[in-house]
Amino acid sequence: MSDMAASKPQVKVVVAGLTKRFGDVVAVNNVSFEIMENEFFSLLGPSGCGKTTTLRCVAGLESADEGRIEIGGRLVYASAQGINVPANHRSIGMVFQNYAVWPHMSVFDNIAYPLKVAGLRQQEIRNRVERVLAMLAMEGLEDRMPNQLSGGQQQRVALGRALAMNPQVLLLDEPLSNLDAKLREMMRVELKRIQKETGIPILYVTHDQTEALAMSDRIAVMSGGVIHQLGRPEEIYNQPRTPFVLDFIGVVNYIPCRIALSADGGARILLPDGQEAVVGTVAGTAAAAHGAGQLGVRPEDIDLLDPVGAPAGTVKGEVEFRSFLGSTYEYRVRVGELALRVQTGKNVHFREGARVAVRINHGHFLAAETGATGQRAS
Amino acid sequence: MAASHPTTNPVAYGAGRRLFDFRALLLVLSAVFVLYVIGYPLVQVFWRSIVVDGEFSLANYTRVFLTPRNYIALWNSVWTALAATAVATVLGTLAAFVVERTDIPFRSGFRFLFMLPFAIPPLFAAMGWVQLLGPVGLVSRALQSLFDWPAVPWSIYGPGGIIFVLAVTVYPFVFLTVAGALQRMDSSLEEAARTAGVGPFRIMKDITLPLVLPAILGGALLAFVGAIDNFGVPAVLGMRRRFYVLTTRIYEALTIPDIPLATAMSILLVLLAVTALALLRWLEGSSGRYTVVSGKSVRPHIIRLGRARPYVFAATLVVMVVVVIMPLVALVITSLLPYWGAPLDPELLTLRNYERAFAQEGAKRGIVNSLLLAPTAATILVAVGTLISYLNVKGKMRAAAFLDALGTVPYALPGSVIGIAMILAWSNPPLGPSLYGTIWILLMAYLMRYLSYALRSTRATLHQIHDSLEEAAVTAGASTLRVLWDITIPLLKPGMIAGWVLIFMPAFRELTVSVLIWSAGAETLGVWVFLLQDSGFPERASALAVATLPLIVLLYAVAHRMGWGGERARS
Ligand SMILES: Nc1ncnc2c1ncn2[C@@H]1O[C@H](COP(=O)(O)OP(=O)(O)O)[C@@H](O)[C@H]1O
Ligand SMILES: [Mg+2]
């Protein structure tokens with residue numbers, strides 16, 4: 001069923017027009033995406049946006065209301081044809097937010113369970129569990145009971161259990177959110193490595209944008225049950241297609257202004273206090289070439305310069321506050337009425353109270369009337 | 001694009017449909033059980049109390065209120081239970097504070113022993129206290145010879161004795177709830193007061209006591225229900241002085257037999273119990289603002305007694321020995337005496353009472369019956385309770401929630417009512433033979449009385465089993481039944497065992513219901529001990545009681561370790 005042309009990367013999961021309601025709440029609204037073999041695909045969005053519900057529909061733990069789902073080339077759900085394969089026949093692996101490691105089974109038995117259910121022979125089970133344990137660097141822990149394991153180790157057991165049957169897709173629901181910062185960092189790397197080793201595609205759910213950006217091949221940003229934007233992490237970050245995506249991914253300064261585009265892709269903006277600034281590049285201006293609105297600017301897209309001999313197009317400001325973050329400085333700079341967050345390299349220092357010249361390198365324009373940002377043709 | 005043609009036959013994966021059928025079947029089975037065992041007798045008892053000769057009538061109730069013997073019994077029930085509750089509340093609260101909040105030695109030993117009376121049948125306690133403080137009691141005689149009294153200046157028979165013995169039997173309800181609240185209380189509240197320079201005893205009075213007040217009142221209400229429900233104590237200590245309470249008056253009415261009157265009185269008993277339990281519900285509902293007491297497990301703030309430590313220890317020990325140990329010791333001594341009232345001479349001690357008690361066919365049958373009935377009832381109820389809780393909690397089926405509610409009703413019913421319901425329901429059932437006069441009516445009574453215990457412990461445990469544990473097994477490829485067998489049942493096992501023990505214990509020594517429905521050939525242990533005591537053989541009654549104590553205490557120890565049905569699971 002999966003003998004597809006070897007040349008193209010194979011589609012492993014297809015979700016098309018998926019809709020799920022709980023009473024009046026439309027938890028998932030016409031969501032579509034595909035996951036390729038070897039791909040790390042994330043659903044990213046704030047709490048309550050429908051990520052878990054989408055994942056559970058793919059798993060078969062929740063039955064969708066409309067749409068179509070294929071896993072490994074097999075149709076597992078189709079509202080039109082009345083097909084709904086139960087979760088235990090979908091050949092998936094799933095890791096739950098709270099690990100859900102069975103407390104009455106040893107590490108070995110937890111990982112071996114899917115293999116036992118599948119009816120594998122004793123020796124085969126033993127071999128496979130050993131391979132999984134080796135991959136997770138958990139050799140020697142097979143006889144431990146879950147309550148003798150740390151949170152990170154339990155996480156690995158859950159992962160091993162999900163991987164044991166070589167599933168068509170691995171479903172992960174905020175698997176790192178219960179770990180402390182250090183471990184989370186480690187597990188991110190681990191997860192990527194394991195995925196590379198096994199080649200199993202991953203559908204990953206998280207509300208943590210840093211995590212999603214760092215790990216994913218592609219990200220679908222969700223809000224209110226719909227996908228706002230789907231793309232590579234760089235696209236999502238650099239070319240947010242809706243104000244929601246801009247706002248949700250990273251930190252943004254909103255600068256109310258009037259804008260006039262220039263031919264080179266940049267723009268001139270008029271700030272509320274009357275100063276005029278030149279912006280290096282502006283995205284999202286398809287809707288309005290001129291007009292009033294807001295310019296969304298990320299902290300790292302602003303430079304602070306010495307006011308003496310500052311180039312034209314910068315505006316005057318004053319450092320209100322500075323914090324040292326190790327590799328960077330974070331400044332709060334007052335420009336007229338505005339307070340801007342600015343992030344600079346660690347060798348740019350200005351004292352608190354110092355006067356600075358502020359240069360805006362890049363921004364996303366949100367026109368006042370529509371509030372939408374169009375995608376600049378690329 | 002991948003191939004989008006369906007590669008699976010939807011019918012082959014019709015597990016969704018099969019699952020529905022399998023659950024529906026289980027639901028129907030448990031519904032039949034609950035309606036048959038609980039619903040039908042309940043309807044009978046309420047119906048017959050308001051229908052006389054086929055017509056609606058309150059005549060049965062007017063008879064209660066027009067005959068002094070009857071309304072005096074009602075009044076006696078109320079006031080003795082209230083008085084006993086007052087004493088029990090003071091005793092239970094003080095004991096809980098000392099055990100939970102001071103550094104006296106052997107705290108866990110005290111905890112174990114202060115709750116022991118939960119397991120000892122109140123009938124045994126009443127017998128023990130007669131043997132201590134009765135006219136020829138061990139303590140009475142010692143004091144008489146010491147002070148040269150012609151007779152002791154008190155009487156264990158009558159309301160005073162009943163109140164005292166009820167109090168020392170029901171105080172564990174207060175102890176348990178207060179100790180639980182003290183364990184769960186966030187000690188930072190007390191520490192805040194301490195850093196403000198307030199002394200430890202002032203903190204107890206001004207901070208701790210008000211915070212655990214809802215727990216104290218809750219325990220008191222449970223103690224009240226336990227006291228009005230009791231038959232053994234007022235039967236041993238009241239009937240011979242013609243001091244009747246509702247439970248003993250119902251017993252008497254049934255020996256006439258005047259079933260309609262007994263039914264009406266039992267409904268009054270229900271009203272008393274339901275009132276108390278409704279108050280408890282209201283209290284639990286309105287004490288939501290005391291969320292500080294319902295938090296996670298925290299390290300409690302322990303008062304260092306310092307130089308007072310030995311004195312507090314000695315005082316607590318004395319109270320514990322008097323309240324818990326002495327009645328048991330009295331039973332043991334009495335069981336070894338050649339005759340009741342014999343001098344305490346080690347030379348005279350004998351095992352003859354044991355021989356005689358066990359030589360009686362009725363006693364043998366009583367023990368065998370109780371040893372059969374209690375585990376049978378416990379096993380059936382745990383199975384049914386597990387099923388209903390599973391359909392209710394995991395299946396989220398409305399009908400199962402209703403069965404759970406119906407199955408919990410008997411929790412509010414005093415034993416006498418259940419006894420009468422059994423007589424009304426099974427003497428002449430519409431289907432099948434009469435169960436009256438057989439051992440089966442006792443089984444039906446225990447099934448009705450204790451289903452709520454099984455429901456409660458399995459429901460609580462199932463709630464703790466997070467859905468994702470089962471879902472993880474489904475995504476691992478397991479079918480619904482396989483998940484149930486491999487994951488749910490093993491995880492539920494502690495709750496099932498707890499429920500089993502919690503049913504076995506009271507069922508094994510049940511008296512209040514059994515004494516109304518036993519018959520020759522269908523005796524129980526509790527009934528036989530009562531009959532021996534009632535017909536003037538306290539030494540044989542004691543022998544029989546003492547012989548069963550090891551089993552009772554052993555089961556209690558098991559239950560204690562398991563945390564008494566979850567109440568203390570977090571300690
Ligand atoms: N079992 C359910 N019953 C009713 N509403 C639900 C249920 N599960 C989720 N929802 C609702 O659906 C929406 C999406 O939930 P969810 O998928 O859990 O969001 P996320 O995982 O993104 O935080 C929320 O509004 C939530 O309240
Ligand atoms: Mg979620």
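What counts as what
- Residues numbered from 1 in each chain as written.
- Chains lettered and ligands numbered in written order.
- Predicted model: local features only at pLDDT ≥ 70, side-chain atom pairs only at ≥ 80, totals over all residues.
- Heavy atoms only, no water.
- Helix = DSSP H or I, 4+ residues; strand = E, 2+ residues; numbered from the N terminus.
- Rg over C-alpha atoms; globule rule 2.2 N^0.38 Å.
- Buried < 20%, exposed > 50% of the residue type's maximum accessible area, 1.4 Å probe, protein only.
- Areas by Shrake-Rupley, 256 points an atom, 1.4 Å probe, with all protein chains shown as cover.
- Contact = heavy atoms within 4.5 Å.
- Buried area = accessible area lost by both parts, 1.4 Å probe.
- Salt bridge = Lys/Arg side-chain N within 4 Å of Asp/Glu carboxyl O.
- Polar contact = N/O pair within 3.5 Å; in protein donor to acceptor, adjacent residues only side chain to side chain.
- pLDDT = per-residue confidence, 0-100.
- Near = heavy atom within 4 Å.
- Nonpolar A, V, L, I, M, F, W, Y, C, P; charged D, E, K, R; others polar.
- Domains from an automatic or database assignment.
- Axes fitted to C-alpha atoms, helices over the stretch in contact; angles between N-to-C directions.
- Parallel < 35°, antiparallel > 145°, perpendicular 65-115°, else oblique.
- Pairing = 2+ DSSP bridges.
- Phe/Tyr/Trp six-rings, centres within 6.5 Å; stacked < 30°, edge-to-face > 60°.
- Patch = residues over 30% accessible without salt bridge, like charges linked within 9 Å, V, L, I, M, F, W, Y side chains within 5 Å.

Caption draft 1: Layout of the overall build of chain B. Within chain B one finds 23 helices and two strands. The C-alpha radius of gyration of chain B comes to 26 Å, within 12% of the 25 Å expected for a compact globule of 571 residues. A principal-axis box enclosing the C-alpha atoms of chain B has dimensions of 105 × 70 × 50 Å. Burial status across chain B gives 56% buried among its 571 residues.

Caption draft 2: A look at the overall build of chain A. A tally of regular secondary structure across chain A gives eight helices and 20 strands. Per-residue burial over chain A gives 51% buried out of 378 residues. Accessible surface computed for chain A: about 16400 Å², of which carbon and sulfur atoms make up 49%.

Caption draft 3: Representation of the interface of chain A and chain B in the model. Across the contact, 35 residues belong to chain A and 28 residues belong to chain B. With both chains or domains summed, chain A and chain B bury close to 2800 Å², and 64% of this area falls on carbon and sulfur atoms. Among the residues chain A hides against chain B, the three largest losses belong to A:N88, A:W102 and A:Y113. Together they make up 20% of the total. Our count for the contact surface shared by chain A and chain B stands at one salt bridge. The partner of A:R56 in a salt bridge is B:E471, with the nearest N and O atoms 2.7 Å apart. Counting every contact that joins chain A to chain B gives six residue pairs in polar contact (both at pLDDT 80 or more). Taken together, the elements giving at least two residues each to the side of chain A that touches chain B come down to β1 (11-22), β4 (66-71), β5 (74-78), β6 (83-84), β7 (92-95) and α2 (107-117) of chain A. The element that contributes the greatest number of residues to the side of chain A that touches chain B is α2(A), accounting for four residues.

Caption draft 4: Inspection of the confidence of the model for chain B at higher detail. All names here are of chain B. Predicted confidence across chain B gives a mean pLDDT of 86, with 92% of residues reaching 70 or more. Element-level pLDDT for chain B is lowest in helix α8 (residues 188-195), with a mean of 73, against a maximum mean of 95 in helix α10 (residues 232-237). Low pLDDT, under 50, characterises residues 288-297; the predicted model gives this stretch 17 contacts beyond four residues in sequence or across chains. The complex model carries a pTM of 0.80, and its ipTM stands at 0.83.

Caption draft 5: Layout of the pattern of salt bridges. Residues and elements named next belong to chain A. Tallied over the full model, the rule gives 39 salt bridges over all chains. With a shortest N-O distance of 2.7 Å, R68 and E70 are connected by a salt bridge. For E70, a relative accessible area of 1% corresponds to the buried category. Taking the shortest distance from any N to any O, the salt bridge between D109 and K116 comes out at 3.5 Å. Through salt bridges with shared partners, a single ionic network connects R156, E190, R193 and E197.

Caption draft 6: Quick look at the site of ligand 1. Residue and element names in this part refer to chain A. The immediate surroundings of ligand 1 are formed by F22, V25, A27, P46, S47, G48, C49, G50, K51, T52 and T53. Within the backbone of G50, an N or O atom sits 3.1 Å from an oxygen atom of ligand 1. The contact in question runs from an oxygen atom of ligand 1 to an N or O atom on the side chain of T52, over 2.5 Å. Broken down by secondary-structure element, the contributors of at least two residues to the shell around ligand 1 are β2 (25-36) and α1 (51-59). With three residues, the single largest contributor to the shell around ligand 1 is α1. Per-class residue counts for the shell around ligand 1 are five nonpolar, five polar and one charged.

Caption draft 7: Structural detail: the domain arrangement of chain A. Residue and element names in this part refer to chain A. Taken domain by domain, chain A consists of domain 1 (10-245) and domain 2 (251-367). Measuring from the centre of the C-alpha atoms in domain 1 to the corresponding centre in domain 2 gives 40 Å. The partner domain 2 presents six residues to the five residues of domain 1 that form the contact. Three residues, Y237, P240 and P243, lead the burial of domain 1 against domain 2; their summed loss comes to 76% of the area buried on that side. Where domain 1 meets domain 2, there are zero salt bridges. Here domain 1 is connected to domain 2 by two residue pairs in polar contact (both at pLDDT 80 or more). A per-class count over the side of domain 1 that touches domain 2 returns three nonpolar, two polar and no charged.

Caption draft 8: Region of the structure containing the environment of B:V546. Residue and element names in this part refer to chain B. Position of V546 relative to the elements: it lies in helix α23 (residues 538-562). Of the residues examined, V546 reaches a relative accessible area of 14% and is grouped as buried. Setting aside chain neighbours within four positions, we find V546 in contact with L331, V332, S335 and Y354.

Caption draft 9: A look at unusual backbone geometry. Here the bond from B:I256 into B:P257 is cis, since omega is -5°, no more than 30 degrees from zero. Position of B:P257 relative to the elements: it lies in the loop between α11 (246-255) and α12 (259-286). One non-glycine residue, A:N30, lies in positive phi territory at about 55°. Along the chain, the position of A:N30 falls in strand β2. We classify A:N30 as exposed; its relative accessible area is 53%. The residue B:D148 is not glycine, and still its phi comes out positive at about 65°. Mapped onto the fold, B:D148 is located in the loop between α6 (138-147) and α7 (159-184).

Caption draft 10: Summary view of the packing of helix α5 (residues 122-133) of chain B against α6(B). Residues and elements named next belong to chain B. Where α5 contacts α6, the two axes come as close as 3 Å, and the packing angle between them is 10°. For the element pair α5 / α6, the angle class is roughly parallel. Taken together, the residues of α6 that come into contact with α5 (itself represented by Q131, L132 and L133) are L138, V139 and S140. Across the contact of α5 with α6, the residue classes break down as four nonpolar, two polar and no charged.

Caption draft 11: Highlighting the sheet that holds β5(A). Residues and elements named next belong to chain A. If you walk across this open sheet you meet the five strands as β2-β1-β4-β5-β6, and the pairing is antiparallel. The open sheet has two edge strands with one neighbour each: β2 and β6. Relative to β5, β4 runs antiparallel, the two being bridged by four bridges. The residue of β5 that forms the bridge with I69 is Y77. Relative to β1, α1 is tilted by about 120°, and along the sheet it contacts β1, β2 and β4.

Caption draft 12: Representation of the packing of aromatic side chains within the structure. Residues and elements named next belong to chain A. Applying the stated rule across the entire model yields 24 aromatic pairs over all chains. For the pair W102 and Y113, a centre-to-centre distance of 4.9 Å together with 70° between the ring planes defines the contact as edge-to-face. Of the two residues, W102 sits in the loop between β7 and α2 while Y113 sits in helix α2, which places them 11 residues apart along the sequence. W102 sits in the buried class, given a relative accessible area of 0%.

Caption draft 13: Geometry of a nonpolar patch on the surface. All names here are of chain B. A cluster of nonpolar side chains, namely L146, F147, W149 and W154, defines an oily patch on the protein surface of about 420 Å² accessible area. Along the polypeptide, W149 turns up in the loop between α6 and α7. With a relative accessible area of 31%, W149 lands in the partly exposed category.

Caption draft 14: Summary view of the confidence of the model for chain A. All names here are of chain A. Within chain A, residue pLDDT values average 89, and 94% of them lie at 70 or more. Within chain A, no element has a lower average pLDDT than strand β15 (residues 290-297), which sits at 84, and none a higher one than strand β3 (residues 40-44), at 97. In the predicted structure, residues 1-5 sits below a pLDDT of 50 and forms nine contacts with residues beyond four places in sequence or in another chain. Across residues 371-378, confidence stays below pLDDT 50; counting only partners more than four residues off in sequence or on other chains, it has 21 contacts.

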